[in-house]
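One-letter residues, chain by chain:
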Amino acid sequence: MTEHAAGPSGPGTVILELGAGVGALVLYTPAELDGREIEISPEGAAAGRRTHSMVRPRHMPRGTRYAAVYPDLAAGPYTVWADEQDPAGRVDIAGGRITNWSWPDRNT
């Protein structure tokens, strides 16, 4: 079986439904993470209960950005995972809003 690699997305191609207690996350990354699946999990969630999304190029009016999008997240704190064991950071998702978060610069 051959896996299909998702291509870039253009403006208006991601639809998010937001509401009371439900938000979304846009995780901006460096270009070198293009195609990588990044996992997140609610803080305090049972081990293995993670959600993943693929980093893709997002073509915007001011240029291309790389991001993973996580729709339909219950409001609350989440861990963003750098790999299976190591967190990259923490983000708070607010209901009714899109939260933007940038991948940490590991060179500083």
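What counts as what
- Residues numbered from 1 in each chain as written.
- Predicted model: local features only at pLDDT ≥ 70, side-chain atom pairs only at ≥ 80, totals over all residues.
- Heavy atoms only, no water.
- Salt bridge = Lys/Arg side-chain N within 4 Å of Asp/Glu carboxyl O.
- Helix = DSSP H or I, 4+ residues; strand = E, 2+ residues; numbered from the N terminus.
- Buried < 20%, exposed > 50% of the residue type's maximum accessible area, 1.4 Å probe, protein only.
- Pairing = 2+ DSSP bridges.
- Axes fitted to C-alpha atoms, helices over the stretch in contact; angles between N-to-C directions.
- Contact = heavy atoms within 4.5 Å.

Participant: How should I be thinking about the pattern of salt bridges in this particular structure?
Facilitator: Pairing of side chains with opposite charge becomes possible as their charged atoms draw close. In this structure the tally under the stated criterion is three salt bridges. A salt bridge links Glu39 to Arg50; its shortest N-O distance comes to 3.0 Å. Taken together, the positions of Glu39 in strand S2 (residues 37-42) and Arg50 in the loop between S2 and strand S3 (51-54) put the pair eleven residues apart, joining distant regions of the chain. Take Glu39: its relative accessible area is 24%, and that puts it in the partly exposed class. Take Arg50: its relative accessible area is 25%, and that puts it in the partly exposed class.

Participant: Before we go on, may I ask you to explain the sheet that holds strand S1 (residues 22-29) in this structure?
Facilitator: In sheet architecture, strand pairing relies on hydrogen bonds along the backbone and comes in two forms, parallel and antiparallel. The strand order across the open sheet formed by four strands is S4-S5-S1-S8, and the pairing between neighbours is mixed. On the outer flanks of this sheet lie strand S4 (56-60) and strand S8 (98-102), each paired with one strand and no other. Going from strand to strand, the sheet's axes swing by 40° on average, the running direction of each strand aside. One ladder, built from five bridges, connects S1 with S8; its direction is parallel. Looking at S8, one finds that Leu27 is bridged to Trp101.

Participant: Would you take a moment to explain the environment of Ala94 for this structure?
Facilitator: One can find Ala94 in the loop between strand S7 (87-93) and S8. Between the C-alpha atoms of Ala94 and Leu18, which are 76 residues apart in sequence, the distance is 9.8 Å. When neighbours within four sequence positions are excluded, Ala94 is seen to be in contact with Val22, Gly23, Ala75 and Thr99.

Participant: Is there a simple way to explain the side chain of Thr79 in this structure?
Facilitator: Turning to its location among the elements, Thr79 is positioned in strand S6 (residues 76-81). Not counting the four nearest positions on each side in its chain, Thr79 is found in contact with Glu39, Ile40, Ser41, Glu43, Pro87 and Gly89.

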